[in-house]
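Observations on chain architecture
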Amino acid sequence: MPLASMSFAPHQPVAALPAPTAGVLRRLAAGCYDALLLGAVWMLATLAIVALRGGEPVPPGQLGYQLLLLGATAVFFITSWLRGGQTLGMRAWRLRVELESGEPLDARAGIVRFIGGLLSFLTGGLGLLWLWIDRDELTWHDRLAGTRVVVLPKEPANRATEP
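Presented here is a report on the structure given in the accompanying data block. (Residues numbered from 1 in each chain as written. Predicted model: local features only at pLDDT ≥ 70, side-chain atom pairs only at ≥ 80, totals over all residues. Heavy atoms only, no water.)

1. Some details on the pattern of salt bridges
Applying the stated criterion across every chain yields a total of seven salt bridges. In this structure, the salt-bridge partner of Asp142 is Arg27, at a minimum N-O distance of 3.2 Å. With Asp142 in helix α6 (residues 140-145) and Arg27 in helix α1 (residues 24-52), the pair connects residues that are 115 residues apart, well separated along the chain. As far as burial versus exposure is concerned, Asp142 and Arg27 are alike and both buried. Two residues, Arg96 and Glu98, come together in a salt bridge whose shortest N-O distance is 2.9 Å. Taken together, the shared-partner salt bridges in this structure form one network comprising Asp134, Arg135, Asp136 and Arg143. (Salt bridge = Lys/Arg side-chain N within 4 Å of Asp/Glu carboxyl O. Helix = DSSP H or I, 4+ residues; strand = E, 2+ residues; numbered from the N terminus. Buried < 20%, exposed > 50% of the residue type's maximum accessible area, 1.4 Å probe, protein only.)

2. Considering the packing of α1 against helix α2 (residues 63-82)
For the pair α1 and α2, the least separation of the axes is 10 Å and the interaxial angle reads 135°. Taken together, α1 and α2 sit at an angle that is classed as oblique. Once α1 is placed against α2, the crossing between them reads as right-handed. Listed contacts from α2 to Asp34, Leu37, Leu38, Val41, Trp42, Ala45, Thr46 and Ile49 of α1 are Tyr65, Leu68, Leu69, Ala72, Thr73, Phe76 and Phe77. Residues that form the contact of α1 with α2 fall into these classes: twelve nonpolar, two polar and one charged. (Axes fitted to C-alpha atoms, helices over the stretch in contact; angles between N-to-C directions. Parallel < 35°, antiparallel > 145°, perpendicular 65-115°, else oblique. Left-handed = near helix turned anticlockwise from the far one by under 90°. Contact = heavy atoms within 4.5 Å. Nonpolar A, V, L, I, M, F, W, Y, C, P; charged D, E, K, R; others polar.)

3. Here we look at the pairing of strand β2 (residues 147-151)
Taken across its five residues, β2 has five buried, putting it largely inside the fold. Of the two faces of β2, the one lined by Thr147, Val149 and Val151 and the one lined by Arg148 and Val150 are each fully buried. With five bridges connecting them, strand β1 (residues 95-99) and β2 associate as antiparallel partners. Paired with Leu95 across the bridge in β2 is Val151. (Pairing = 2+ DSSP bridges.)

4. Things to note about the nonpolar core
By size, the foremost hydrophobic cluster in this structure holds 17 residues, and its most contacted members are Phe77, Trp81, Met90, Leu95, Val97, Phe114 and Val149. Listing elements by their share of this core, those giving two or more residues are α1, α2, β1, α4 (107-122) and β2. Top contributing element to this core by residue count: α2, with five residues. If we ignore the near neighbours within four places in the chain, the residues touching Phe114 are Leu70, Thr73, Ala74, Phe77, Ile78 and Trp81. (Core = buried A, V, L, I, M, F, W, Y, C linked by side-chain atoms within 4.5 Å.)

5. A closer look at the packing of aromatic side chains
Ring pairs (aromatic) are described by centroid distance and by the angle formed between their planes. Counted according to the given criterion, the structure contains five aromatic pairs. Their ring planes at 35° and their centres at 6.5 Å tell us that Phe77 and Phe114 sit as a pair that is tilted. Of this pair, Phe77 sits in helix α2 while Phe114 sits in helix α4, placing them 37 residues apart in sequence. Taking the relative accessible area as the measure of exposure, Phe114 reaches 10% and is therefore buried. Here the aromatic rings of Trp130 and Trp140 are separated by 6.4 Å at their centres, their planes lie at 50°, and the arrangement is tilted. Pair noted here: Trp130 is in the loop between α5 (126-129) and α6 and Trp140 is in helix α6, with a separation of ten residues, a long-range link. An aromatic cluster is defined as three or more aromatic residues linked by ring pairs; in this entry it consists of Phe76, Phe77, Trp81 and Phe114. One cation-aromatic arrangement involves Arg113 over Trp81; the distance from NZ or CZ to the ring centre is 4.9 Å. (Phe/Tyr/Trp six-rings, centres within 6.5 Å; stacked < 30°, edge-to-face > 60°. Lys NZ or Arg CZ within 6 Å of the ring centre and 35° of its normal.)

The values are spatial; any link to function lies outside them.
Right, dumping it as structure tokens:
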């Protein structure tokens, strides 16, 4: 077939490849960052409770106090996931949680993911380690909520140009 008679389709953009799923070590590293932030959130919540108690410490095993800390933890994670799909630790490690469709989380998915994360944590991390044997490299909380954690590409370095 002569080249002149061949018709070429206009340039079609290539669909972006899906971002790779985050592994255990990167998730744990982001979790360490978030644990430091969460400790600060717990300290602020404790400060408020001690102030309300007139400076008296919270007695050990106080269910209301423990539920307050659990609620503060839920607000920390769910709010972060709903506002851009990242906690501060996830941002530092270029991770983002998203629905399996690639869309941002909704409130239902955030709540289910948090509850699933609690189950993963309470079983000694088995739910997180599950991604090593899962065919799609998803954790228990990813499976329950229909989410996945992806590694974002590095942003190009901004180089100042000299005139």
